[in-house]
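Listed here are the chains, written in short residue letters.
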Amino acid sequence: MVIKNVNLETVCGITSKLPDNTLPEIAFAGKSNVGKSSLINALMNRKAYARISAKPGKTQTINFYNINEAVYLVDLPGYGYAKVSEQEKIQWGQLIERYLHGSKQLKAVFLLIDIRHDPSANDKMMYDWIVAQGYNPIIIATKLDKIKRSQIQKQVKAIKEGLKLQPGTVVIPFSAETKQGREEIWELAEEVCSLS
């Protein structure tokens with residue numbers, strides 16, 4: 001995917017109406033601090049378009065990035081951040097659920113998991129929940145540059161086992177530093193959206 005233009009078109013908060021987009025959408029879910037903004041910036045070839053925050057839990061909205069007037073990258077609020085009130089967590093959950101149920105254009109959900117750690121209870125819950133909504137999430141194992149090459153297979157296996165992934169689920173190791181995995185993610189995205 002050659003990125004010609006990027007536009008943060010819609011930002012939806014808890015009370016916002018979701019946009020009625022006509023272009024295909026690809027959503028990204030992951031817990032706070034898993035590197036979602038860094039991934040989205042890498043996919044868009046932008047340094048800091050999606051706001052990267054030192055304080056996890058900053059993305060409290062669903063952000064729709066229009067890429068080349070062809071596809072939307074949809075940034076979902078991060079989950080599992082401790083310093084957020086239960087009330088807020090419930091509202092974010094409802095916002096994400098409303099999106100997964102309500103979007104007519106959602107073609108794929110990518111779930112980001114930190115490759116350095118076994119999946120958390122929150123990760124497992126999110127995976128099961130996305131599956132329950134009728135999607136088979138594609139797993140992106142982030143922060144690949146933070147582990148040794150020799151550990152990659154072992155960590156990918158830990159993610160597969162920890163999430164009890166459905167057979168055939170794709171796991172893409174990704175590094176925002178080196179951009180490894182970027183092309184694979186775009187190829188899959190283009191395939192599910194029939195862009196190519």
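Check the entry above for the structure.
Residues numbered from 1 in each chain as written. Predicted model: local features only at pLDDT ≥ 70, side-chain atom pairs only at ≥ 80, totals over all residues. Heavy atoms only, no water.

Draft legend 1. Main features of the nonpolar core. Ile62, Tyr99, Leu111 and Ile139 are the most contacted members of the largest nonpolar core, which totals 34 residues. Elements with a contribution of two residues or more to this core: strand S2 (25-30), strand S3 (62-67), strand S4 (71-75), helix H2 (86-102), strand S5 (106-114), helix H3 (121-132), strand S6 (138-142) and helix H4 (152-163). The residues contacting isoleucine 62, other than those within four sequence positions of it, are Thr10, Val11, Cys12, Leu18, Val74, Asp75, Leu76, Pro77, Leu95 and Tyr99. The next biggest cluster of nonpolar side chains, apart from the first, holds 27 residues, and it includes Leu39, Met44, Leu73 and Phe174. (Core = buried A, V, L, I, M, F, W, Y, C linked by side-chain atoms within 4.5 Å. Buried < 20%, exposed > 50% of the residue type's maximum accessible area, 1.4 Å probe, protein only. Helix = DSSP H or I, 4+ residues; strand = E, 2+ residues; numbered from the N terminus. Contact = heavy atoms within 4.5 Å.)

Draft legend 2. Just the pairing of S4, in detail. Where burial is concerned, most of S4 is hidden: 5 out of the 5 residues are buried. Bridge count between S2 and S4: 4 bridges; the pairing is parallel. When the sheet's bridge partners are listed, glutamate 25 is paired in S4 with tyrosine 72. Bridge count between S3 and S4: 5 bridges; the pairing is antiparallel. Across the sheet, the residue bridging to isoleucine 67 is valine 71, located in S4. (Pairing = 2+ DSSP bridges.)

Draft legend 3. Up close: the packing of aromatic side chains. This structure, assessed with the given rule, holds 4 aromatic pairs. Judged by centre distance (6.3 Å) and plane angle (85 degrees), the ring pair of phenylalanine 64 and tyrosine 72 falls under edge-to-face. You can call tyrosine 72 buried: its relative accessible area is 5%. With 5.8 Å between their ring centres and 75 degrees between their planes, phenylalanine 64 and tyrosine 99 make a pair best called edge-to-face. Linking phenylalanine 64 in strand S3 with tyrosine 99 in helix H2, this pair joins segments that are 35 residues apart in sequence. Taking relative accessible area as the criterion, phenylalanine 64 reaches 1% and is therefore assigned buried. (Phe/Tyr/Trp six-rings, centres within 6.5 Å; stacked < 30°, edge-to-face > 60°.)

Draft legend 4. Structural context of the sheet that holds S4. Within the open sheet, the 7 strands sit side by side as S1-S3-S4-S2-S5-S6-S7. Their pairing is mixed. The outermost strands of the open sheet, each flanked by one partner alone, are strand S1 (6-12) and strand S7 (171-173). With direction set aside, neighbouring strand axes in the sheet form an average angle of 25 degrees. For S2 and S5, the ladder comprises 6 bridges, and the chain directions are parallel. Bridge assignment links alanine 27 to a residue of S5, and that residue is valine 109. Relative to S5, helix H5 (residues 182-193) is tilted by about 155 degrees, and along the sheet it contacts S2, S3, S4, S5, S6 and S7. (Axes fitted to C-alpha atoms, helices over the stretch in contact; angles between N-to-C directions.)

Draft legend 5. Just the pairing of S3, in detail. In terms of burial, S3 is largely enclosed, as 6 of its 6 residues are buried. On S3, burial covers both faces: Ile62, Phe64 and Asn66 on one face and Asn63, Tyr65 and Ile67 on the other are all buried. In this sheet, S3 lies alongside S1 in antiparallel orientation, the contact comprising 6 bridges. In the strand pairing of S3, valine 11 is matched with asparagine 63. Joining the antiparallel neighbours S3 and S4 is a turn of 3 residues, in which asparagine 68 adopts a positive phi near 55 degrees.

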